[in-house]
Amino acid sequence: MPTVAKLVPEETVFFLCDVQTRFKNAIFGFDELVLAISKILKIAKVLDIPVVVTEQNPKALGNTIPDIDLPSLGPLLLATIEKGLFSMATPEVKALLHERPQIKSVVLFGIESHVCVLQSALDFIEAGYNVHVIADGVSSCNKEEIPFALARIRQSGGYITTSESAAFQLQRDAGAPGFKSFSNIVKEEKDNTVRTLQKLLQYRAVL
């Protein structure tokens, strides 16, 4: 039987890929993308999911857009790493993962779908991790690129999901501690979730 890669909080790390200031006017649905990422990071805080952030050549492309509140993550923000590689699987990132052998799942979101997100996914899959890409948490300059990138990741063994689906997988149990806070985020973000799904998923084939 094929492996079923379930998301477990203690075995998961979130990866935010290159959502930087200079991309704001170039990326399709950038504002909606930021809304989705902000929701994902709120979930990280409730469920104690560590987060790794990368920035592609920040001297030229700027830092992570300040609308994404990285300081609020506190110690959950493991690192913000500058990179030249398109893949997030830099030596620094590999070292962080090596120090955390309990990590089995990587949840990826950011930009661009067909470049840095794709290459990161392939590298992490090759390294033996279960890679989950958030379909409403990725985008590209050209929206037509996105479904092909997601298909390529799926063909290689990655899992394509949505922010809300991944969040509920990680929460697991309505009786678990913290569910009230989790539920409040889902309710507070309802309108943003609808806006994001309608903008970012309309061009993305499921199969």
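See the structure shown above.
Conventions used here
- Residues numbered from 1 in each chain as written.
- Predicted model: local features only at pLDDT ≥ 70, side-chain atom pairs only at ≥ 80, totals over all residues.
- Heavy atoms only, no water.
- Helix = DSSP H or I, 4+ residues; strand = E, 2+ residues; numbered from the N terminus.
- Rg over C-alpha atoms; globule rule 2.2 N^0.38 Å.
- Buried < 20%, exposed > 50% of the residue type's maximum accessible area, 1.4 Å probe, protein only.
- Contact = heavy atoms within 4.5 Å.
- Areas by Shrake-Rupley, 256 points an atom, 1.4 Å probe, with all protein chains shown as cover.
- Lys, Arg positive; Asp, Glu negative; His and termini not counted.
- Charge placed at Lys NZ, Arg CZ, Asp CG, Glu CD.
- Salt bridge = Lys/Arg side-chain N within 4 Å of Asp/Glu carboxyl O.
- Arc of directions from axis to C-beta.
- Pairing = 2+ DSSP bridges.
- Axes fitted to C-alpha atoms, helices over the stretch in contact; angles between N-to-C directions.
- Parallel < 35°, antiparallel > 145°, perpendicular 65-115°, else oblique.
- Left-handed = near helix turned anticlockwise from the far one by under 90°.
- Nonpolar A, V, L, I, M, F, W, Y, C, P; charged D, E, K, R; others polar.
- Core = buried A, V, L, I, M, F, W, Y, C linked by side-chain atoms within 4.5 Å.

Along the protein, the regular secondary structure elements total eight helices and six strands. In terms of C-alpha radius of gyration, the protein reaches 16 Å, essentially the compact-globule figure of 17 Å for 207 residues. Once the C-alpha set of the protein is aligned to its principal axes, its extents read approximately 45 × 40 × 40 Å. Counting across all 207 residues of the protein, residues that qualify as buried make up 49%. Across the protein, contacts joining residues at least 24 apart in sequence account for 83% of those joining residues at least 6 apart. Surface exposure of the protein reaches about 10100 Å², of which carbon and sulfur atoms provide 54%. The centroid of the 21 positive side-chain charges in the protein is displaced by 3 Å from the centroid of its 23 negative side-chain charges.

Quick look at the pattern of salt bridges now. Applying the stated criterion across every chain, the model contains eight salt bridges. Salt-bridge contacts for glutamate 10 lead to arginine 172; the nearest nitrogen and oxygen are separated by 3.8 Å. One end of the pair, glutamate 10, is in the segment before strand 1 (12-17); the other, arginine 172, is in the loop between helix 6 (163-171) and helix 7 (179-188), with 162 residues separating them in the sequence. Judged on exposure class, the residue glutamate 10 and its partner arginine 172 are both exposed. Between glutamate 32 and arginine 195 there is a salt bridge, and its shortest N-O distance comes to 3.0 Å. Here glutamate 32 is found in helix 1 (residues 30-47), whereas its partner arginine 195 is found in helix 8 (residues 190-200), with 163 residues between them in sequence. Judged by relative accessible area, arginine 195 falls into the partly exposed class, the value being 38%.

Looking now at helix 5 (residues 145-155). Taken residue by residue, helix 5 has Ile146, Ala149, Leu150 and Ile153 as its buried positions. One side of helix 5 carries all its buried residues, which in axial view fall inside an arc of 95°. Set apart from the buried face of helix 5 by more than 90 degrees, the exposed residues are Phe148 and Gln155. Lining the buried residues of helix 5 we find helix 4 (113-126), strand 5 (130-139) and strand 6 (159-161). Glycine 157 lies just past helix 5 and shows a positive phi near 105°.

We now examine the side chain of threonine 90. Residue position: threonine 90 is located in the loop between strand 3 (77-83) and helix 3 (91-98). Classification of threonine 90 by relative accessible area gives buried; the value is 3%. Once you skip the residues sitting within four places of it in the chain, threonine 90 turns out to touch Ile81, Lys83 and Leu85.

Another point: the sheet that holds strand 6. Judged by pairing direction, the sheet is parallel, and its six strands sit side by side in the order 3-2-1-4-5-6 without closing on themselves. Edge positions in the sheet fall to strand 3 and strand 6, since each has one partner strand and no second. Each strand axis lies, on average, 25° off the axis of its neighbour in the sheet, ignoring direction. Of the strands in this sheet, strand 1, strand 2 (51-56), strand 3, strand 4 (105-111) and strand 5 touch helix 4, which is tilted by about 170° from strand 4.

Quick look at the packing of helix 1 against helix 8 now. Helix-helix packing: each pair is described by the crossing angle between the helix axes and the interaxial distance. Relative orientation of the contacting elements helix 1 and helix 8 amounts to 135°, with a least axis distance of 9 Å. Taken together, the axis directions place helix 1 and helix 8 in an arrangement best described as oblique. The two elements helix 1 and helix 8 meet at a crossing, and its hand is left-handed. Contacts from Asp31, Glu32, Leu33, Leu35, Ala36 and Lys39 in helix 1 reach Asn192, Thr193, Arg195, Thr196, Lys199 and Leu200 in helix 8. Split into classes, the residues belonging to the contact of helix 1 with helix 8 amount to four nonpolar, three polar and five charged.

Here threonine 196 is to be found in helix 8. Judged by its relative accessible area of 1%, threonine 196 is buried. Excluding residues within four positions of it along the chain, threonine 196 makes contact with Glu32, Leu35, Ala36, Asp136 and Leu201.

Attention now goes to the nonpolar core. By size, the foremost hydrophobic cluster in this structure holds 35 residues, and its most contacted members are Phe14, Leu16, Val19, Ile37, Leu41, Ile68 and Phe109. Listed by contribution, the elements that provide at least two residues to this core are strand 1, helix 1, strand 2, strand 4, helix 6 and helix 7. Top contributing element to this core by residue count: helix 1, with nine residues. With residues up to four places along the chain from it excluded, the contact list for phenylalanine 109 reads Phe14, Phe15, Leu16, Cys17, Ile37, Ile40, Leu41, Ile134, Gly137 and Val138. Within the second largest apolar cluster, 28 residues are counted, among which are Val52, Met88, Tyr129 and Val133.

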